[in-house]
Amino acid sequence: MKRQSLPILIAAALLAALTACNHNDAPPQTATPQQQVVETAAVHRSQVASQLVLPARIMANPTDMVHIYPLISGRVLSLKILPGQEVHKGQAIGTLQSSDAAQARSDFEKAKIEAARADLQLDRAKELLQHEVMAQKDYDDLKALDDSDHSELERARQSLHLLGFSENDTSDIVPITAPISGVVLDVDTGPGELQRSLDNANAIATIADINDIWVVGDLYPRDQSSIRTGQPVDITVNGYPGLTLHGTISNISDAVDPVSLTLKVRVVLQNPGHRLKPQMYANMTVTSQKRDVIVVPATAVIQNGHDTFVYVQTAPASGSTAAKYVRRAVTLGESHPDNDDITQGLNDGDIVVTRGAELLRAQEEQ
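Structural notes, computed from the coordinates. What you see is a predicted model; the values in this text were computed from it and never measured.

Scoring rules and cut-offs
- Residues numbered from 1 in each chain as written.
- Predicted model: local features only at pLDDT ≥ 70, side-chain atom pairs only at ≥ 80, totals over all residues.
- Heavy atoms only, no water.
- Helix = DSSP H or I, 4+ residues; strand = E, 2+ residues; numbered from the N terminus.
- Contact = heavy atoms within 4.5 Å.
- Phe/Tyr/Trp six-rings, centres within 6.5 Å; stacked < 30°, edge-to-face > 60°.
- Lys NZ or Arg CZ within 6 Å of the ring centre and 35° of its normal.
- Pairing = 2+ DSSP bridges.
- Buried < 20%, exposed > 50% of the residue type's maximum accessible area, 1.4 Å probe, protein only.
- Salt bridge = Lys/Arg side-chain N within 4 Å of Asp/Glu carboxyl O.
- Arc of directions from axis to C-beta.
- Axes fitted to C-alpha atoms, helices over the stretch in contact; angles between N-to-C directions.
- Parallel < 35°, antiparallel > 145°, perpendicular 65-115°, else oblique.
- Left-handed = near helix turned anticlockwise from the far one by under 90°.
- Nonpolar A, V, L, I, M, F, W, Y, C, P; charged D, E, K, R; others polar.
- Core = buried A, V, L, I, M, F, W, Y, C linked by side-chain atoms within 4.5 Å.

Here Asn283 lies in strand β15 (residues 281-297). The spacing of Asn283 and Ile58 is 225 residues in sequence and 9.9 Å in space, taken between C-alpha atoms. Non-local contacts of Asn283, meaning those with residues more than four positions away in its chain, are made with Val53, Leu54, Pro55, Asp234, Ile235, Thr236 and Asn238.

Here it is as structure tokens:
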């Protein structure tokens, strides 16, 4: 009896051990792949100010910029300016040697002689008229001739002064002077080059007053309803990282530029120390009125051709039941680096898929 009961007891113990293992070591329930990669977040309505960023360029006011052309043909003898140099109005910036200067001086001398002779004739005519030896008509003719000769003398004098000569000067060297105070932007000639006054393909130099500077932005016609004259703007300049300048829109052009197909938006800024240089690149940020939108992470928005949509959770996960999601078409507002504005299609408090939307889309297409 003892030998038979021992195997029975061993078998019963093994059976009990196996039953306990099967009961205690059941594998734990794992999350589905969908539950592992899909992340959601509740979205809410908020007031967001829309911003429009316009590429811009800094330039001098055209009415404060002068291209210097020679008033007379000749050869450049010297040039005393360099780009970036500041000059003052009337400052001598170079010299020009011209044979036409001799012609201008000759015209002036001839005009002086003719005017002096006409004066003598008129003086004699007065005496003859007083003694009734000359008729009044003949005297009037001489008086008109005298007036004409003096008018020609004045014309020759003004031409001489316009060229920079004095009436007693005998040189054929014409001074080149700065017509305004400002900064030299360009120098397009050099000593020895021949300049023709009637064929001014290239200016001698360009000078601009940049105490006030223009910032001109490119606005596409589709965005013109977003801005208006007098609206405040923020300006950042590529050459000065971290610097933000503030101004207001002074003008919006009424004609589209035929090259860029944009409207020109102008902001005038004071330029102390001439920090802002013509032809610098900048960005013009225009902030419009706040709008009521729902902001979602950029990863939540999927665009397929002309369709824009997000996935909204309709039921949360429960036990072994996976969460349920539905595709919902939305209207996209402004896009930002990290988030997008949704103007239509979502309600306040909706739970939106922020990560894994592409996985849900792939499961739908299978």
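Picking up after the structure, the text goes on.
This part covers the packing of aromatic side chains. One pass over the full model with this rule turns up one aromatic pair. Above the face of the Tyr220 ring, Arg222 is positioned so that its terminal group lies 5.0 Å from the ring centre. In this arrangement the basic side chain of Arg266 is found over the ring face of Trp214, its NZ or CZ atom lying 4.2 Å from the centre.

Another point: the sheet that holds strand β3 (residues 65-68). Within the open sheet, the four strands sit side by side as β3-β10-β8-β5. Their pairing is antiparallel. In this open sheet, the two strands that pair with only one neighbour each are β3 and β5 (86-87). The pairing of β3 with strand β10 (residues 205-208) spans four bridges and is classified as antiparallel. Counterpart to His67 in the pairing with β10 is Thr206.

Burial analysis of strand β11 (residues 212-219) places six of its eight residues in the buried class, the great majority of the element. Across five bridges, the pairing between strand β2 (residues 45-60) and β11 is antiparallel. Following the sheet pairing, Met59 is matched in β11 by Trp214. Across eight bridges, the pairing between β11 and strand β14 (residues 263-270) is antiparallel. When the bridges of β14 are listed, Asp218 appears paired with Lys264.

Moving on: the pattern of salt bridges. Enumeration over the complete set of coordinates arrives at 11 salt bridges. Between Asp218 and Lys264 there is a salt bridge, with the nearest N and O atoms lying 2.4 Å from each other. In this pair, Asp218 is assigned in strand β11 and Lys264 in strand β14, connecting sequence segments 46 residues apart. Residue Asp218 is classed as partly exposed on the basis of its relative accessible area, which comes to 22%.

Take helix α5 (residues 357-365) next. Residues Ala357, Leu360 and Arg361 constitute the buried set of α5. Projected onto a plane normal to the axis of α5, the buried residues spread over an arc of 100° and lie on a single side.

What follows covers the packing of helix α3 (residues 100-130) against helix α4 (residues 136-162). α4 packs onto α3 with a crossing angle of 160° between their chain directions and a minimal axis gap of 8 Å. Considering their axes alone, α3 and α4 lie roughly antiparallel with respect to each other. Regarding α3 and α4, the two cross each other, and that crossing is left-handed. Grouping the amino acids of the contact of α3 with α4 by side-chain chemistry returns 14 nonpolar, three polar and 11 charged.

Bringing the nonpolar core into the picture now. Grouped burial of nonpolar side chains is what soluble globular proteins tend to show. Counting 26 residues, the largest nonpolar core has Val215, Ile227, Ile235, Val267, Leu269 and Met284 as the members making the most contacts within it. At the level of secondary structure, the elements contributing two or more residues to this core comprise β2, β11, β12 (232-237), β13 (244-252), β14 and β15. Among the elements that make up this core, the one with the highest residue count is β2 (five residues). Contact partners of Val267, with chain neighbours within four places excluded, come to Ile213, Trp214, Val215, Val233, Ile235, Gly247, Thr248, Ile249, Ser250 and Met284. Counting residues in each nonpolar core, the second largest holds 25 residues, with Ala115, Phe165, Ala178 and Val184 among its members.

Looking now at the sheet that holds strand β4 (residues 74-79). Strand pairing in a sheet relies on backbone hydrogen bonds, with the paired strands running either antiparallel or parallel. Here four strands make up an open sheet; going across it, the order is β7-β6-β4-β9 and the pairing antiparallel. The sheet is open, and its two borders are formed by β7 (173-177) and β9 (194-195), each paired with just one other strand. Here strand β6 (residues 92-97) pairs with β7 via five bridges, running antiparallel. The residue bridging Thr95 from the neighbouring strand is Pro175, located in β7.

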